[in-house]
Amino acid sequence: MSKRKHSAYTIEFKLQILSKVEEKKLTKTEICKKHSIPNSTLSTILKDREKLQKARDDSKFRPATKKTKLCSHKELEDAVFAWFRQAMAMNVQLSGPVVIGKAAEIVQLMNFNFTPVLPVGWRSSNRGKRKKKNQQ
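All of these numbers come straight from a predicted model, not from anything done at the bench.

Attention now moves to the overall build of the protein. Tallying secondary structure elements over the protein gives seven helices and zero strands in all. Beginning at the N terminus, the succession of helices and strands in the protein can be written as α-α-α-α-α-α-α. In the protein, which comprises 136 residues, the share counted as buried stands at 23%. Considering only intrachain contacts with a sequence separation of at least 6, the fraction spanning at least 24 residues in the protein is 53%. Accessible surface for the protein amounts to roughly 11100 Å². Of this, 52% is attributable to carbon and sulfur atoms.

Below you can see the structure in the form of structure tokens.
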């Protein structure tokens, strides 16, 4: 039994699918076959209709965007990004731990209630590289 490949669709594509469903020229099954998407994906697109239309109207996302998730601490993101731009302008070499360290400093200054951490994927993808480097 072969597994279906996971596909992430753009907001633009999802909105096109929504418009075709609303036109009612084709059935939902025909739309799925025409665009090679599973019925469950079409159901999810229809369920998320308001979210997709809001994303389009807010213009926070480009049409080619695939995910519509915003950060939970916009002020923190803005502050870290401002620092990042200044550091890049001064040709400072940055790495994930350096950025996370600076984010932790900013969190303390802004009195947030959490500790920023590196994403698990970043740590695990570099762990093997460090081990190989240390063995040489």
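Picking up after the structure, the text goes on.
Let's shift gears to the pattern of salt bridges. As a working rule, side chains carrying opposite charge can pair if their charged atoms are close by. Within the structure shown, the criterion is met by two salt bridges. Among the salt bridges present, the one from R49 reaches E22, with a minimum N-O distance of 3.8 Å. With R49 in helix 4 (residues 49-58) and E22 in helix 1 (residues 11-23), this residue pair connects regions lying 27 residues apart in the sequence. Residue class for R49 comes out partly exposed when judged on its relative accessible area of 28%. Owing to a relative accessible area of 45%, E22 belongs among the partly exposed residues under this scheme. A salt bridge links E105 to K102, with the nearest nitrogen and oxygen atoms 3.4 Å apart. With E105 and K102 both in helix 6 (residues 96-109) and three residues apart, the pair spans about one turn of that helix. Residue classification places E105 among the partly exposed residues on the basis of a relative accessible area of 43%.

This brings us to the nonpolar core. Judged by nonpolar contacts, the single largest core of 15 residues is most densely connected at I17, L18, V21, I37, L42 and L52. Elements represented by at least two residues in this core include exactly helix 1, helix 2 (28-35), helix 3 (39-47) and helix 4. Examining the composition of this core, we find that six residues originate from one element, helix 1, more than from any other. When residues no more than four places from it in sequence are discounted, the contact partners of L52 are I11, K14, L15, L18 and I45. Core analysis: the next-biggest nonpolar cluster, separate from the first, contains five residues, L76, V80, A103 and V107 among them.

What follows covers the UniProt feature "DNA-binding region" (unreviewed entry) in the protein. Feature annotation in UniProt places "DNA-binding region" (unreviewed entry) on residues 28-48, given in this structure's numbering. For residues 28-48, the end-to-end C-alpha separation is 16 Å, with 81% helix and 0% strand making up the annotated structure.

Right, let's get into the packing of aromatic side chains. Scanning the entire structure with this criterion turns up two aromatic pairs. Here Y9 and F13 contribute two aromatic rings whose centre-to-centre distance is 5.0 Å and whose plane-to-plane angle is 25°, an arrangement assigned as stacked. For F13, a relative accessible area of 17% translates into the label buried. Taking the centre distance of 6.5 Å and the plane angle of 20° together, the rings of F81 and F84 count as stacked. Of the two residues, F81 and F84 both sit in helix 5 (residues 74-89), three residues apart, roughly one turn of that helix.

It is worth spelling out a nonpolar patch on the surface at this point. Taken together, the side chains of F81, F84 and M88 make up a nonpolar region of the molecular surface, amounting to roughly 280 Å² of accessible area. Positionally, M88 belongs in helix 5.

Rules and cut-offs
Residues numbered from 1 in each chain as written. Predicted model: local features only at pLDDT ≥ 70, side-chain atom pairs only at ≥ 80, totals over all residues. Heavy atoms only, no water. Helix = DSSP H or I, 4+ residues; strand = E, 2+ residues; numbered from the N terminus. Buried < 20%, exposed > 50% of the residue type's maximum accessible area, 1.4 Å probe, protein only. Contact = heavy atoms within 4.5 Å. Areas by Shrake-Rupley, 256 points an atom, 1.4 Å probe, with all protein chains shown as cover. Salt bridge = Lys/Arg side-chain N within 4 Å of Asp/Glu carboxyl O. Core = buried A, V, L, I, M, F, W, Y, C linked by side-chain atoms within 4.5 Å. UniProt positions renumbered as here; feature names shortened; annotations may be inferred. Phe/Tyr/Trp six-rings, centres within 6.5 Å; stacked < 30°, edge-to-face > 60°. Patch = residues over 30% accessible without salt bridge, like charges linked within 9 Å, V, L, I, M, F, W, Y side chains within 5 Å.

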